[in-house]
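# Reading the structure
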Amino acid sequence: MKKVFISTAIAILFAANVFAVNKVSTKEEGKDNVSYAVSAKFNSDFIGAENVTWKVSSKFQKATFTIDGVKKSAFYNLRGELIGVTENVQFKALPEKARKTIAEKYEGYFANEVIKYEVGDDNSFDSTVYFVDLKNSKEEVLVRVTPSAGVYFFQQVK
């Protein structure tokens, strides 16, 4: 359930960068539904990727794969431009300042999951944002950690 919320949160970030070029199937099958432009760009961006699976929607195409032993997801718009790449990381991967802020602002919560989101190389800026799923006995929230280590509430999970 959490992954659905986190995926939704990331998809919301992508919405500003996504423009439909042509109609694409929404089936979640293999590579048959992936546009040629996206497939070619993915193969160029992630040489050596293994266990690649695709999810195609009307707004973006997502490849989930393993590279160098790390499971990642890459999101492309329909023109074949890389929007961003996500991967699960440990809490200690966050900047120290962000870890301290989370400990202060969200005392009594524990980090359930941390997703690192790297903005794609086709964008005009390059940055890394983290989404941290925090949980306590009563609630679960998702916070966003900016490149400057700022910590901001993103959404209530439950």
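Here's a quick rundown of the structure. (Residues numbered from 1 in each chain as written. Predicted model: local features only at pLDDT ≥ 70, side-chain atom pairs only at ≥ 80, totals over all residues. Heavy atoms only, no water.)

## A word on the overall build of the protein
Going by this rule: Put simply, DSSP marks the helices as runs of H or I at least four residues long and the strands as runs of E at least two long, and each gets a number from the N terminus on. Using a 1.4 Å probe, accessible areas were evaluated by the Shrake-Rupley method; residue-level cover was limited to the displayed protein chains.
Helix and strand content of the protein: 3 helices and 8 strands. Along the protein, helices (α) and strands (β) appear in the sequence α-α-β-β-β-β-α-β-β-β-β when read from the amino end. Accessible area of the protein: about 9,000 Å², with a carbon and sulfur share of 50%.

## Overview of the environment of V129
Put simply, the rule is: Residue contacts are defined here by distance: any two heavy atoms, one from each residue, within 4.5 Å place the two residues in contact.
Relative to the assigned elements, V129 resides in strand 6 (residues 128–135). In this structure V129 touches I115, K116, Y117, R144, V145 and P147, once residues within four positions along its chain are discounted.

## Thoughts on the packing of aromatic side chains
Applicable threshold: Centre distance within 6.5 Å is the pairing criterion for rings of Phe, Tyr and Trp, where only the six-membered ring of Trp is used; planes under 30 degrees apart are then read as stacked, over 60 as edge-to-face, and the remainder as tilted. Throughout, exposure labels follow a simple rule: accessible area from a 1.4 Å probe, protein chains only, divided by the maximum for the residue type, with under 20% read as buried, over 50% as exposed, and the rest as partly exposed.
Enumeration according to the criterion identifies 8 aromatic pairs in this entry. Measuring from centroid to centroid gives 5.3 Å for F42 and F46, while their planes differ by 35 degrees, and the two rings are tilted. Both residues of the pair, F42 and F46, belong to the buried class. Note on F46 and F65: the rings are 4.7 Å apart at their centroids and 50 degrees apart in plane angle, and the pair reads as tilted. Taken together, the residues span a long stretch of sequence, with F46 in the loop between helix 2 (36–45) and strand 1 (50–56) and F65 in strand 2 (residues 61–67) at a distance of 19 residues. What links up through ring pairs into an aromatic cluster is the set F42, F46, W54, F65 and Y76.

## What to know about the sheet that holds strand 8 (residues 151–156)
Keep this limit in mind: The criterion for strand pairing is that DSSP finds at least two bridges linking the strands in question. Axes here refer to lines fitted to C-alpha atoms; in helices the fit is confined to the stretch in contact. Angles between the N-to-C directions go from 0 to 180 degrees.
Read from one edge of the open sheet, 8 strands run 1-2-3-4-5-6-7-8, paired in antiparallel fashion. The open sheet terminates on both sides in strands that have one partner only, identified here as strand 1 and strand 8. Strand after strand, the sheet turns through a mean of 25 degrees between neighbouring axes, direction not considered. Where strand 2 meets strand 3 (residues 70–76), 7 bridges bridge the pair, whose relative direction is antiparallel. Pairing of F65 across the sheet is with K72, part of strand 3. Those strands touched by helix 2 are strand 1, strand 2, strand 3 and strand 4 (82–89), and its axis lies near 140 degrees from that of strand 3.

## Here we look at the pattern of salt bridges
Let me state the cut-off plainly: A side-chain nitrogen of Lys or Arg and a carboxyl oxygen of Asp or Glu constitute a salt bridge if their distance falls within 4 Å.
Inspection of every chain in the model, using the stated rule, returns 5 salt bridges. Linking E87 and K72 is a salt bridge whose minimum nitrogen-to-oxygen distance equals 3.5 Å. Remark: K72 occurs in strand 3 and E87 occurs in strand 4; sequence separation between them is 15 residues. Judged by its relative accessible area of 18%, K72 falls in the buried class. Of the charged contacts, one joins E118 and K116 as a salt bridge, the two residues approaching to 3.8 Å between their closest N and O atoms.

## With respect to the nonpolar core
The criterion, for reference: Working definition of a nonpolar core: buried Ala, Val, Leu, Ile, Met, Phe, Trp, Tyr and Cys residues. They are joined through side-chain atoms within 4.5 Å.
With 15 residues, the main nonpolar core has I102, Y106, V132, L134, V143 and V145 as its most contacted residues. Of all the elements in the fold, those that place two or more residues in this core are helix 3 (96–105), strand 6 and strand 7 (140–145). Sequence-distant contacts of Y106, defined by excluding residues within four places in its chain, comprise T101, L134, V141, V143, V151 and F153. Core analysis: the next-biggest nonpolar cluster, separate from the first, contains 13 residues, W54, F65, Y76 and V85 among them.

## Topic: the environment of G48
Considering the arrangement of structural elements, one finds G48 in the loop between helix 2 and strand 1. Measuring from C-alpha to C-alpha, the distance between G48 and I67 comes to 6.5 Å, with 19 residues separating the pair along the chain. Sequence-distant contacts of G48, that is, excluding residues within four places in its chain, are made with T66 and I67.

## Here we look at unusual backbone geometry
For N51, which is not a glycine, the phi torsion comes out positive at approximately 50 degrees. Take N51: its relative accessible area is 63%, and that puts it in the exposed class. One non-glycine residue with positive phi stands out, namely D68, at about 55 degrees. The residue D68 is located in the loop between strand 2 and strand 3 in this model.

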